[in-house]
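Observations on the three-dimensional arrangement
Given next are the chains, with one letter for each unit.
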Amino acid sequence: MPQSAAIISGIQRMVLYETRARYFLVGTNQSETKHRVLKIDRTEPKDLVIIDDKHVYSQQEVRELLGRLDLGNRTKIGQKGSSGLSRAVSAFGIVGFVRFLEGYYIVLITKRRKMADIGGHSIYKIEDTSMIYIPNDSVRVTHPDEARYVRIFQNVDLSSNFYFSYSYDLSHSLQYNLTLLQRPYELWSSPTSPAEEEVNKQSKQDSFDIFEDEGLPTQVVYGLQSEPYYKYVWNGKLLERVKDIVHHDWLMYIIHGFCGQSKLLIYGRPVHITLFARRSSKFAGTRFLKRGANCEGDVANEVETEQIVHDASVMSFAAGSYSSYVQVRGSVPLYWSQDISTMMPKPPIRLDQADPYAHVAALHFDQMLQRFGSPIIILNLVKKREKRKHEKILSEELYPAVINLNQFLPPDNCIDYIAWDMARYTKSKLCNVLDRLSMIAENVVKRTGFFINRSDFYCHTIRPDDRWGDLGGHITASGRVQTGVLRTNCVDCLDRTNTAQFMVGKCALAYQLYALGMIDKPKLQFDTDCVRLFEELYEDHGDTLSLQYGGSQLVHRVKTYRKIAPWTQHSKDIMQTLSRYYSNAFSDADRQDAINLFLQVYQPSESKPHLWELPTDFYLHQKNSMTLPQDRRSYTLWWSPGILSYLPLAYDEVPCEDSMKKVKVKRVNRFEESIDIYTEFFKPYELTAFDDTFCIAMTNSAREFMPKTVGVDPSPFTVRKPDETGKSVLGNKSSKEETLLQRKTAASAPPPPSEEAISSTSEDDSEEDRDDDGSVSQRSTPIKLLTESGESNRTQEEIQQQSVKEPYGLNLSEFPAEKDLHIYERFAHLGESQHRVERTEHINLANIICLEPVSCFPEDSIYGVSPPQVDRESREEFESHVMTGQGQVRVLCRDDMLMYREYVKNRYM
């Protein structure tokens, strides 16, 4: 039994009741055995008055309480109607409380949808919300601009890519969450710690056991609840007003970004691949309105991407096998921007402020060292050679900043800088972009390593590989942890960045599957079911992040850089480019205002100008522009105190004094519902259908990607034809010659004209770099002609043979071998002798049809069946049930006492 476990939120469903004077928010756990009540005053026109009695009610107590409230709020005794207690809305969580110019609003989650499952912890997506005004109409003080602020606030679509969980901290990585559980509990039981004294007081109340007199020992588990990483929390400001007033079960933190999960079936063994993207709430905004970094080191479009691979056949975090890999994208950490007032497709880049000592870059990399450790590897994909200097301005400023910061760091912990002009390589006729990216990815993964919670690495012992010995990271007693992170950027951090992150993720996925014992070497090939599934996840991930920041889906995808994208992709690219341009020119300003209002970067007030009257939001995000900083950080010792002493490990994951203050510890019984992840996931108290479970509905490699043909190797690591998927029909018409040519040219052949004729508003090409590449489009023409001639020369007989062989796995037109004919003749002879019929006048039916019974019962007919034999133990069990029904209860054993104790704990305590 684990000594520590994550605490599950005790409020997962809630109902809002209203009276004229108050709102009553009744929250309950999933099994509806424990309830809490929150009282919200409606008589205050502009203030928020919330009362939480911190008492846990039973179901009967809540019914009695609501009945008394209903009776007490009627105008006359015995009257029934709307004047009493009325039910307003049902919800699944509180997003927060917000106020503009009038009173407060409460934002509730009214619909949710399960998106992923990690170790029994469910991840939900917000599907719909309800925004309810708290003060009563009789005390409401109206303001003419209130409705406009409400519309701006609701422009942030909470039903689009916002996620939450009741038991899993989404703001932290899997490595942090599992490392927290693996720390020894002695760190929290020190008598000298003042925080532990409070835990001991609480434990005396929590460890009360009605079975103490029975002599049964109580097994104590330490329930842990970590403080979220507020950089990736999007409703932190909305909950700040009530955070210190209400019980922590009422607080539910949401993240913004992407969540996707797919099932990889390896000969029936389920392996779940999960992709998380956490978008930073600091310096958040849209494409051209948020560039570079602010004065606190937070950069625009900063997203932390985490891929989790785990064996789904074992659910528990303690007994299961879990692996993760984290990488980051974000704008170049400098003071720079682009002026969009000129209505140009690609506005010129300008540096807004000189930073000779790299102060803002130091703040940014200090945050990364504290969260990820070292090494920090920068992959800069912006252009190096341009006819008119545009993107090159950023590289010329970033590289000297990194050099300046590295001179003060120890050599082993320096920031690595890799500059690679990906757009120029894409145009080159001799270079392969993805081959170069795979080399970079291999070096990056070897330096940072990855996280896995299993220490028994039998894979490299049974199937050794030379690359495994060079793998970096930090090896612990319970497995391996990732140290450092890859930070990828281009100008927008959208198209090029997503492809680079996919290649690094593909390389890390191979090492993760190899460490889990799923493959024999850490290498994955393109056009396998596994990589296709992973590529689809990353394309959904890239499309979602691109829509959030740029206003359109990806313009250039992995297939574009592999140069196998279809000709129809060109029209799609044009539409995405136009959509991105329209969004940047006309709708980004409104979206930016909505984000500023939702994140409470701007808080409306009577004494301040309105949000839509501000000429710019520069002063909202750059706090040092309004007040002088009190303490200026050192230019040489630019990192936070204590970080260097723990490198290459991340300071946030080390059990030091600062990190221990962010963890709340509670001693609970091991049967306590707040840590019972089995009951939380399987819900034994509910009647559920197997076909409705989430694991059946999720994307499946065997169903979605494996070809539906007979005789196909079911392994997801087998290379398929480029056009062969799970949706392909029987009798595919692609010829052998075409397939061979596609495989030869998939990674090296230049693209058709549609892949190079990229619009000037995309992020990969500028107007000056579009050269005449007519030879590129001509090189793809002979391949098409050769394929067509090959098809025309085939005879009708060959086509018929192929159409028969593909579905059945063999060619029926060939004459059988002599050996096979002898086997068939012997089989036919045996059949003739068995069913031989006597040619006589009187035919005996017994020689033709055998009517002997085949059942194991002595009697088997439509009239009677003898009962089966039942063993003694089964009869005794049945007799005990009969006696219990008659009121005669047998003596309880120790196992019955334990089971009854668990039932009483969960039901009534």
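Per an unreviewed UniProt entry, the recorded name for the chain is FIG4 phosphoinositide 5-phosphatase, and the organism is Sander lucioperca.

Per the secondary structure count, the chain includes 28 helices and 25 strands. Out of the 909 residues in the chain, the part that is buried amounts to 50%. Excluding contacts between residues fewer than 6 apart, the proportion of contacts in the chain whose partners are at least 24 apart in sequence is 72%. Surface summary for the chain: the accessible area is close to 45800 Å², and the carbon and sulfur share equals 53%.

Relative to the helices and strands, Asp70 resides in helix 1 (residues 59-72). Excluding residues that lie within four positions of it along the chain, Asp70 makes contacts with Gly84 and Leu85.

Attention shifts here to the pattern of salt bridges. Evaluation of the coordinates by the stated rule reveals 29 salt bridges. For Lys125, the salt bridge identified is with Glu127, shortest N-O distance 3.1 Å. Residue Lys125 is classed as buried on the basis of its relative accessible area of 9%. Put simply, Lys237 and Glu240 hold a salt bridge, and the shortest N to O gap is 3.8 Å.

This brings us to the packing of helix 12 (residues 495-515) against helix 13 (residues 529-549). One can describe the packing of helix 12 onto helix 13 by two numbers: an axis separation of 10 Å at closest approach and a directional angle of 140°. Judged by the inter-axis angle, helix 12 sits oblique to helix 13. Crossing handedness for the pair helix 12 and helix 13: right-handed. Touching Asn498, Gln501, Phe502, Gly505, Lys506, Leu509 and Leu513 of helix 12 are Cys530, Val531, Phe534, Glu535, Tyr538, His541 and Gly542, all from helix 13. Partitioned by chemical class, the residues of the contact of helix 12 with helix 13 number seven nonpolar, five polar and two charged.

Moving on to helix 12. Residues spaced three or four apart along an α-helix face the same direction, because each turn holds 3.6 residues. Across its 21 residues, helix 12 extends 30 Å between first and last C-alpha, which sits within 8% of the 30 Å expected from 1.5 Å per residue. Counting buried residues along helix 12, 21 of its 21 residues qualify, which places the element largely inside the surrounding structure. Count one or two residues on from helix 12 and you reach Gly517, which has phi positive near 80°.

Take the sheet that holds strand 2 (residues 13-18) next. Strand order in the open sheet made by the five strands is 5-4-3-2-6, with antiparallel pairing throughout. Here the strands that pair on one side only, and so sit at the sheet edges, are strand 5 (50-52) and strand 6 (86-91). Across this sheet, the average inter-strand angle for adjacent strands is 20°, counted without regard to direction.

This part is about the packing of aromatic side chains. Counting across every chain of the model gives 30 aromatic pairs. With 5.6 Å between their ring centres and 25° between their planes, Tyr124 and Phe164 make a pair best called stacked. Taken together, the residues span a long stretch of sequence, with Tyr124 in strand 9 (residues 121-133) and Phe164 in strand 10 (residues 162-164) at a distance of 40 residues. Centre to centre, the rings of Tyr678 and Phe682 are 4.8 Å apart; their planes meet at 45°, and the pair counts as tilted. Residue Tyr678 and its partner Phe682 are both found in helix 18 (residues 677-682); the two are separated by four residues, about one turn of the helix. For Phe682, a relative accessible area of 42% gives the class partly exposed. The lysine or arginine in question, Arg42, covers the ring of Tyr23, its NZ or CZ lying 4.3 Å from the ring centre. The cationic tip of Lys506 hangs over the ring face of Phe526; the distance from NZ or CZ to the ring centre is 4.9 Å.

With that out of the way, let us pick up the sheet that holds strand 11 (residues 220-226). The strands making up a sheet associate through backbone hydrogen bonding, with each pair oriented either parallel or antiparallel. Across the sheet, which stays open at both edges, the three strands sit in the order 1-11-24 with mixed pairing between neighbours. Of all the strands in the sheet, the pair left with one neighbour each is strand 1 (4-6) and strand 24 (663-669). Strand-to-strand twist in this sheet, taken as the mean axis angle between neighbours without regard to direction, amounts to 35°. Two strands pair when backbone bridges link them, and strand 1 and strand 11 are joined in this way by three bridges, in the parallel orientation. Along strand 11, the bridge assignment pairs Ala5 with Gly223. Across the sheet, helix 3 (residues 174-182) lies against strand 1, strand 11 and strand 24, angled at about 150° from strand 11, the strand it touches most.

This brings us to helix 6 (residues 359-372). With 14 residues, helix 6 ought to run about 20 Å at 1.5 Å a step, and its terminal C-alpha atoms sit 20 Å apart, in line with that. Residues of helix 6 that are buried include every one of Val360, Ala361, Ala362, Leu363, His364, Phe365, Asp366, Gln367, Met368, Leu369, Arg371 and Phe372, and no others. On the buried face of helix 6, the contacting elements are strand 14 (303-311), strand 15 (322-329), strand 18 (376-380), helix 7 (392-406) and strand 23 (485-489). Phi for Gly373, located one or two positions after helix 6, is positive at around 80°.

Of all 15 residues that make up strand 8 (residues 104-118), twelve are buried, and the element is covered over most of its length. As defined by bridge partners, strand 7 (residues 93-99) adjoins strand 8 across six bridges and the pair is classed as antiparallel. Directly across from Gly96, in strand 8, lies its bridge partner Val107. Turn length for the strand 7-strand 8 hairpin, with the two strands adjacent in sequence and antiparallel, is four residues. By the bridge criterion, twelve bridges tie strand 8 to strand 9 in an arrangement that is antiparallel. Residue Lys111 lies in a different strand from strand 9, and its bridge partner there is Asp128.

Along any regular strand, the residues point their side chains to alternate faces of the sheet. One ladder, built from six bridges, connects strand 2 with strand 3 (residues 22-28); its direction is antiparallel. Of the residues in strand 3, the one forming a bridge with Tyr17 is Phe24. Where strand 2 folds back on strand 3, the antiparallel hairpin that results is connected by three residues. Pairing geometry for strand 2 and strand 6, over five bridges, is antiparallel.

On the surface, Tyr900, Tyr903 and Tyr908 cluster together into a nonpolar patch covering about 400 Å² of accessible area. The residue Tyr908 is located in helix 28 (residues 894-908) in this model.

Within the secondary structure layout, Lys54 lies in the loop between strand 5 and helix 1. Considering only alpha carbons, one finds Lys54 and His247, 193 residues apart in sequence, at a separation of 6.4 Å. Those residues within four positions of Lys54 in sequence are excluded, and the remaining contacts are Arg36, Ile245, Val246 and His247.

Attention now moves to the confidence of the model for the chain. With 77% of its residues at a pLDDT of at least 70, the chain reaches an overall mean of 80. The low-confidence segment residues 189-213, where pLDDT is below 50, has 21 contacts with residues more than four positions distant or belonging to other chains. Scored below 50 in pLDDT, residues 728-802 makes 109 contacts in the model with residues more than four places away or belonging to other chains.

Further remarks concern unusual backbone geometry. As a rule of thumb, non-glycine residues mostly have phi less than zero, and peptide bonds are mostly trans rather than cis. A cis amide bond, omega 5°, links Ser374 with the succeeding residue Pro375. Looking at where Pro375 falls in the secondary structure, it is placed in the loop between helix 6 and strand 18. Cis peptide bonds are those with omega within 30 degrees of zero, and the linkage from Leu647 to Pro648 qualifies with 10°. Along the polypeptide, Pro648 turns up in the loop between helix 16 (618-621) and helix 17 (657-660). For Asn161, which is not glycine, the phi dihedral falls at a positive 65°. Looking at the secondary structure, you find Asn161 in the loop between helix 2 (146-153) and strand 10. Among the residues examined, Asn161 registers a relative accessible area of 14% and is labelled buried. For Lys683, which is not glycine, the phi torsion reads 50° and is therefore positive. Looking at the element boundaries, Lys683 is found in the loop between helix 18 and helix 19 (694-697).

Procedures and definitions
Residues numbered from 1 in each chain as written. Predicted model: local features only at pLDDT ≥ 70, side-chain atom pairs only at ≥ 80, totals over all residues. Heavy atoms only, no water. Helix = DSSP H or I, 4+ residues; strand = E, 2+ residues; numbered from the N terminus. Buried < 20%, exposed > 50% of the residue type's maximum accessible area, 1.4 Å probe, protein only. Contact = heavy atoms within 4.5 Å. Areas by Shrake-Rupley, 256 points an atom, 1.4 Å probe, with all protein chains shown as cover. Salt bridge = Lys/Arg side-chain N within 4 Å of Asp/Glu carboxyl O. Axes fitted to C-alpha atoms, helices over the stretch in contact; angles between N-to-C directions. Parallel < 35°, antiparallel > 145°, perpendicular 65-115°, else oblique. Left-handed = near helix turned anticlockwise from the far one by under 90°. Nonpolar A, V, L, I, M, F, W, Y, C, P; charged D, E, K, R; others polar. Expected span 1.5 Å × (residues − 1). Pairing = 2+ DSSP bridges. Phe/Tyr/Trp six-rings, centres within 6.5 Å; stacked < 30°, edge-to-face > 60°. Lys NZ or Arg CZ within 6 Å of the ring centre and 35° of its normal. Patch = residues over 30% accessible without salt bridge, like charges linked within 9 Å, V, L, I, M, F, W, Y side chains within 5 Å. pLDDT = per-residue confidence, 0-100.

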